[in-house]
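Structure assessment
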Amino acid sequence: MKRLIPFLLIILTFASCEDSMFLKSEKKMKKDLQGVWQREFFGDTSIHYREYWTFDGNKLYTTKEEPDTYDEGAPDSVNTDQVDTIVISGFSIDTRVFRAFLKLQVEYGRDTAFVDKWEFVTLKKGVLDIAADNPIGPGVEQREFFKVR
C-alpha cells in the first residue's frame, strides 16, 4: 500500500497536466475534431493560400483556398470557388495511456509530403497541434490549426 500511494500521486500529476493526452478517449477526441480547422503558418510570408482540414465523420478533406482555380488534387464539385481539394483520406484515432495519434489513409489525391501518422500535441478549446517525423527530410513536421466551425 505504501508503494501504491506515490504511484497514484505521479499518475495524478500527469493527468492534471493541461496539454496531456493522458487517458484520452478515442470517441471524445474524434468528436472534438469534427468540423473545419484552418492551418496557422505563423508569420511565413511565402504562403499565399489558406489550408483547411475538414473532419467529417470518418473522412478528412484537406483543401487549399487560393486565387487561381487550378485543380491539383482530388476532383472538386465546384471549380470556380477557388477552393481546391488536395487530399481526401479516412482517419482514425489511436490512443495510448500517455499519447494519442491521428492515423490517415489516403483515398483520393496525393501529396508528396503526406504523413499518415501524427501525434497529438494539443486538442482543446479550438486549438489543434500535431507533430510527426518529417517525411522529406530530417526533423519534425508540426502543424497548428484553429477551429473555424
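Quick caveat: nothing in here was measured; it's all calculated off a predicted structure.

1. Overview of the sheet that holds strand E8 (residues 140–147)
Taken in spatial order, the eight strands line up as E1-E2-E3-E4-E5-E6-E7-E8 and close into a barrel, and their pairing is antiparallel. Here the average twist between neighbouring strands, direction ignored, is 35°.

2. Examining the pattern of salt bridges
On inspection of all chains with the given rule, the structure shows eight salt bridges. The salt bridge partner of Lys 28 is Asp 32, with a shortest N-O separation of 2.9 Å. Taken together, the positions of Lys 28 and Asp 32, both in helix H2 (residues 26–33) and four residues apart, correspond to about one turn of that helix. The partner of Glu 51 in a salt bridge is Arg 39, and the shortest N-O contact between them spans 3.2 Å. With Glu 51 in strand E2 (residues 50–56) and Arg 39 in strand E1 (residues 35–40), this pair connects stretches of sequence that are 12 residues apart. Accessibility classification places Glu 51 together with Arg 39 in one group, the buried group.

3. Some thoughts on H2
A side-chain oxygen of the first residue of H2 lies 3.3 Å from the backbone nitrogen of Lys 27; this N-cap is Ser 25. Where H2 terminates, the next one or two residues include Gly 35, which has phi positive at roughly 125°.

4. Some words on the pairing of E1
Summarising burial for E1: five of the six residues are buried, a large majority. Both E1 and E2 contribute to a ladder of four bridges, which runs antiparallel. Looking across to E2, one finds that Gln 38 is bridged to Tyr 52. As judged from the four bridges shared by E1 and E8, these two strands associate in the antiparallel manner. The residue bridging Gln 38 from the neighbouring strand is Phe 146, located in E8.

What counts and how
Residues numbered from 1 in each chain as written. Predicted model: local features only at pLDDT ≥ 70, side-chain atom pairs only at ≥ 80, totals over all residues. Heavy atoms only, no water. Pairing = 2+ DSSP bridges. Helix = DSSP H or I, 4+ residues; strand = E, 2+ residues; numbered from the N terminus. Axes fitted to C-alpha atoms, helices over the stretch in contact; angles between N-to-C directions. Salt bridge = Lys/Arg side-chain N within 4 Å of Asp/Glu carboxyl O. Buried < 20%, exposed > 50% of the residue type's maximum accessible area, 1.4 Å probe, protein only. Polar contact = N/O pair within 3.5 Å; in protein donor to acceptor, adjacent residues only side chain to side chain.

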